[in-house]
Amino acid sequence: MNVLFRRARAAYDLLVARRSALFDLALAVITTGVEIGQLFDGGTPVVVIPADAIPVGVIPVVVTVLTGSALLLRRRAPLTVLVTACAGAAVLVPLGYSPGGAPVVVALASLADLRDRRVSVAALVPTALFLLLASITSLPVPIGAWALGSYLQTRRRYTRALEDRAATLEREREQLDQIAAQRERTSIARELHDIVAHSVTVMLIGVRGARDVLPTDSRVAAETLEQVEVNAEQSLAELRRILGLLRTPDNGVRWRPQPSLGQLSELVSGYRTAGMPVRLELTGETRPLAGGLELSAYRIVEEALTNVLKHTDPTQVTVALHYGRTQLDVTVEDDGGGGGEPVPKSAAGHGILGMRERAAVTGGSLDARPTAGGGFLVTARLPVGDEA
């Protein structure tokens, strides 16, 4: 794609260069023709001296043609072209001809168009005085030519500024798209982490529990394995939805409704089935909250319980939610049970970091630290506003 763009740009630049060259050629020819017409407009005779001499009428034509040809260089050296045009007119005046000053006017307009304003203004004064004193043209003509060239320069700079601005906006749009894509990837990575970490941990604990009770109680082992199977199917279905959306965003794949705090009791029950002694406490005025806030609170509880299940063997775990007027307090605390070490930040991998990011997205904060009794405490404070 970039190669095609560069080729198209090169072809466009070549076309512009050719068009500019053709325009300069036409301008030089027209200007030369107009100037020659001005020289002989009054019926100026062609004086012929001896046969071996050059006709006097040829001299102004040659000078005019040379001056007009210099206009082909007006883009590269406009100041030099202006000096050349003035010199050509200065040669013709003493010979008794009355040049119209067309090459000088065109050269002056080109200088005002292509060079810095200070340079063109400095050249305007002597050029206007020369044309006036040589009785070539009146004062408004060079001033008008300079004004036209200045207008063309201003318009070109304005157009270029608009093009640069458009290019800048396009780059900014691409950067914003990249930032949005990065945020989306981060969000998807966080969801994948939560789904996989939770599901795999619960299944692993369930399989271990089933293995332990299989010799003594095959019925309990079978029920536990059945629950593991259900969890595995749900996790696979969720992963298929995410991967389907990543591959083809418009293929009709739909998300399952995101979990909310209304499903928190089911989450706690699942961990209780896996063998964790966990209880749920709700205080304050229970009410629906913003979807993003409920999802963040749900995922924080889920990740905290997953860490407890992976790293400790508690005798009691408490999940507490307090609905305040402007704040939702989420607390997950375990007593450690003496069967394992408190989960440090490094042991939790991306878990604690992910919980902090989820809290930060809602404008809240999260604290995770060991307790004095050997357990671990996770506390999240999420703002809900007065109208939550």
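That block above? That's the structure.
The notes below deal with the structure included here. (Residues numbered from 1 in each chain as written. Predicted model: local features only at pLDDT ≥ 70, side-chain atom pairs only at ≥ 80, totals over all residues. Heavy atoms only, no water.)

1. Looking at the overall build of the chain
What the chain contains, in helices and strands, is 10 helices and 5 strands. Within the chain, contacts between residues separated by at least 24 positions form 69% of all contacts whose residues are at least 6 apart in sequence. Accessible surface computed for the chain: about 22,600 Å², of which carbon and sulfur atoms make up 60%. (Helix = DSSP H or I, 4+ residues; strand = E, 2+ residues; numbered from the N terminus. Contact = heavy atoms within 4.5 Å. Areas by Shrake-Rupley, 256 points an atom, 1.4 Å probe, with all protein chains shown as cover.)

2. Focus on the side chain of D113
Tracing the chain through its elements places D113 in helix α4 (residues 102-114). If sequence neighbours within four positions are ignored, D113 has contacts with G149, L152, Q153 and R156.

3. A word on the pattern of salt bridges
In this structure the tally under the stated criterion is 8 salt bridges. Across the pair D24 and R75 runs a salt bridge whose closest N-O atoms are separated by 2.7 Å. Of the two residues, D24 is situated in helix α1 (residues 2-39) and R75 in the loop between α2 (58-70) and α3 (78-92); the sequence distance between them amounts to 51 residues. Judged by relative accessible area, which is 6%, D24 ranks as buried. Here D113 and R156 are joined by a salt bridge, their closest N and O atoms 2.5 Å apart. (Salt bridge = Lys/Arg side-chain N within 4 Å of Asp/Glu carboxyl O. Buried < 20%, exposed > 50% of the residue type's maximum accessible area, 1.4 Å probe, protein only.)

4. Things to note about the packing of α4 against helix α5 (residues 117-133)
The N-to-C vectors of α4 and α5 enclose an angle of 165°; their axes lie 9 Å apart at closest approach. Relative to α5, the element α4 is oriented roughly antiparallel. At the point where α4 passes α5, the crossing takes the left-handed sense. Note on element contacts: α5 touches α4 through V119, S120, A123, L124, T127 and L131, opposite V104, L108, L111 and A112. Split into classes, the residues belonging to the contact of α4 with α5 amount to 8 nonpolar, 2 polar and no charged. (Axes fitted to C-alpha atoms, helices over the stretch in contact; angles between N-to-C directions. Parallel < 35°, antiparallel > 145°, perpendicular 65-115°, else oblique. Left-handed = near helix turned anticlockwise from the far one by under 90°. Nonpolar A, V, L, I, M, F, W, Y, C, P; charged D, E, K, R; others polar.)

5. Quick word on the environment of S296
By secondary structure assignment, the location of S296 is in helix α9 (residues 291-311). It is 8.4 Å that separates the C-alpha atoms of S296 and V361, two residues lying 65 residues apart in sequence. Among residues more than four places away in sequence, those in contact with S296 are R358 and T362.

6. A closer look at the sheet that holds strand β1 (residues 278-284)
One open sheet accounts for 5 strands, arranged β1-β2-β3-β5-β4; its pairing is mixed. Among the strands making up the open sheet, the edge pair consists of β1 and β4 (365-370). Ignoring which end each strand starts from, the neighbouring axes of this sheet average 10° apart. In the packing of helix α8 (residues 264-273) onto the sheet, contacts are made with β1 and β2 (317-323), and the angle to β1 comes to roughly 160°. (Pairing = 2+ DSSP bridges.)

7. With respect to the packing of α3 against α5
Here α3 crosses α5 at 15°, and the two axes come no closer than 11 Å. By the angle class used here, α3 and α5 are roughly parallel. Along this stretch, α3 crosses α5, giving a crossing that reads as left-handed. Touching L79, L82, C86, A89 and A90 of α3 are A123, T127 and F130, all from α5. Classifying every residue of the contact of α3 with α5 gives 7 nonpolar, 1 polar and no charged.

None of the figures reported here should be taken as evidence of function without further support.
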